[in-house]
Amino acid sequence: MSNTPAAKPLVDVASIARSAREASRKLALLSDSTRKAALLAIADAIEENSARILVANAQDCAAAQKLLSTGEMTPALFSRLRIKESGVAEMAARVREVANLPDPLGRRLAATELDQGLLLHKESCPLGVLAVVFESRPEVVPQIASLALKSGNAVLLKGGAEAVNSNECVVAVWREALRKFPDVPQDSIHLLQSRSDVMDLLHLQGEVDLLIPRGSKEFVAYMERNSQIPVLGHGEGICHVFVDRAADLDKAVSITLDSKVDYPAACNSIETLLVHQDVAAAFLPKVVAALKNANVEVRACPRVLAFLPAETLIPATEKDWSTEYSGLILSIKVVDSLEQALEHIHKYGSKHTECIVTEDQPAADRFLQEVDAAGVFHNASTRFADGYRYGLGAEVGISNGKLHARGPMGIEGLTTYKYKLRGSGQIVSDYTTGLRHFKHKPQ
């Protein structure tokens, strides 16, 4: 008898998408109380299966350790992969947060009386079937799945190969918990396995309503070029903190450190620090000392190097200003003015999250008004750019675009709307002939 493990069956992505489509129609009919009860039961199941999830993650981390040692995996990617016991508890807590959010479906967005007995309502409804492609970060699975279920959407998930055991375990726990709820189809969540599955996915317009790739700018662009399905990309995060001439320098050090060090692998971590020349002499020694103490590698423009001749800093290159490090590296540049800071951000920023540190309210107002980004902050860490911290419960991703959803994409981003027209036998020809007339009274 052979000891060779059985190969996994080939996946028919089209069939999976069709089953998700059928599930989405059932989800759209569920009451909020049913969706909430299912999510709360799933949160309990995640906690009850904590040991099982951690074992699966340990398998992924053991395999990834080899890639880390050979340089095939970055420390930032490995950090995203690892789950701690507190991380499982946080997964469950996030699911409960989403469960307790207000019902996003069936909300009346507008009402117009077109004529007597002819009422037009605009109401929120689910998108249908979502497909989300992401790397590492197994905690993304319950975040996305909870938002999808709460908003009445089915979801197809494709995580990175490095997290295959963790993702499979979490999805298995999720589907097992749904067995207690016969009205909630298990096929409302599926996990795709391979890159070829993603390639098949790109051609399923009509079955999938929205593709959400979470990855590099190049990866998002590839998805957009190769699919007719609408794509909402989780964009790259080349974020800045600008320390203005009127900044509180202690506040600026604290915000800079948190924005870089709290979770350097996150897309809302800063990659460049801009410093007004008027405060550079006083501020740079403080912030560089704090960054070095936190093991941050500093890459400095010539003016920074001139201010700190005794420091061993790496000279910054043009490429540094447009690089998302996703690790403990920060480029620093001295600028002449607020105008020059704005120019730099306009040129190199990714429209994700930008921050100004200043006690000058007119300068802050100008920055908030002129910077074109999904999040523009005054005297606050860029790490606040997060669906959970915005009170959205969780997020599917952060969109740098301007259509449909922008910034952290929570439940509202997973809904669309439909017009419901209720009449009493009206026909258009009565209006075109002048027999009847529209009132057009918004209610």
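See the structure shown above.
My aim in this report is to walk through the structure given alongside it, one point at a time. (Residues numbered from 1 in each chain as written. Predicted model: local features only at pLDDT ≥ 70, side-chain atom pairs only at ≥ 80, totals over all residues. Heavy atoms only, no water.)

1. Some remarks on empty space enclosed by the protein
Okay, step 1: For the coordinates displayed, the defined rule picks out one cavity of 30 Å³ or more.
Okay, step 2: Taken together, Ala145, Ala148, Leu149, Asn153, Val155, Trp174, Ser188 and Ile189 make up the full set of residues lining the largest cavity.
Okay, step 3: Counting residues per element, the lining of the largest cavity draws most heavily on helix α6 (residues 140-150), at three residues.
Okay, step 4: Here the lining of the largest cavity is built from residues that sort into six nonpolar, two polar and no charged. (1 Å grid on protein atoms, 1.4 Å probe; cavity = no way out; pocket = protein on both sides within 12 Å on 5 of 7 lines; lining within 4 Å. Points joined across faces, edges and corners; volume = space filled by probe spheres on them. Helix = DSSP H or I, 4+ residues; strand = E, 2+ residues; numbered from the N terminus. Nonpolar A, V, L, I, M, F, W, Y, C, P; charged D, E, K, R; others polar.)

2. Structural notes on the environment of Ala45
Okay, step 1: Looking at where Ala45 falls in the secondary structure, it is placed in helix α2 (residues 32-48).
Okay, step 2: The spatial distance from the C-alpha of Ala45 to the C-alpha of Ser31 is 21 Å, given a sequence separation of 14 residues.
Okay, step 3: In this structure, Ala45 is in contact with Val173 and Ala177, ignoring residues within four places of it in sequence. (Contact = heavy atoms within 4.5 Å.)

3. Notes on the sheet that holds strand β13 (residues 375-378)
Okay, step 1: Spatially, the seven strands line up as an open sheet ordered β10-β9-β11-β8-β7-β12-β13, and their pairing is parallel. Bordering the open sheet on either side are β10 (314-315) and β13, each of which pairs with just one other strand.
Okay, step 2: As paired elements, strand β8 (residues 270-276) and strand β11 (residues 329-335) share five bridges and run parallel to each other. Looking across to β11, one finds that Leu274 is bridged to Lys333. (Pairing = 2+ DSSP bridges.)

4. A few points about unusual backbone geometry
Only a minority of non-glycine residues have a phi that is not negative, and only a minority of peptide bonds are not trans.
Okay, step 1: Residues other than glycine seldom take positive phi values, yet Asn295 does so here, at roughly 65 degrees.
Okay, step 2: By the secondary structure assignment, Asn295 is in the loop between α11 (277-293) and β9 (297-300).
Okay, step 3: Since its relative accessible area comes to 62%, Asn295 is described here as exposed.
Okay, step 4: The backbone of Asn379 shows a phi angle near 55 degrees, a positive value even though the residue is not glycine.
Okay, step 5: Along the chain, Asn379 turns up in the loop between β13 and β14 (397-399).
Okay, step 6: Here Asn379 falls in the partly exposed class, since its relative accessible area comes to 23%. (Buried < 20%, exposed > 50% of the residue type's maximum accessible area, 1.4 Å probe, protein only.)

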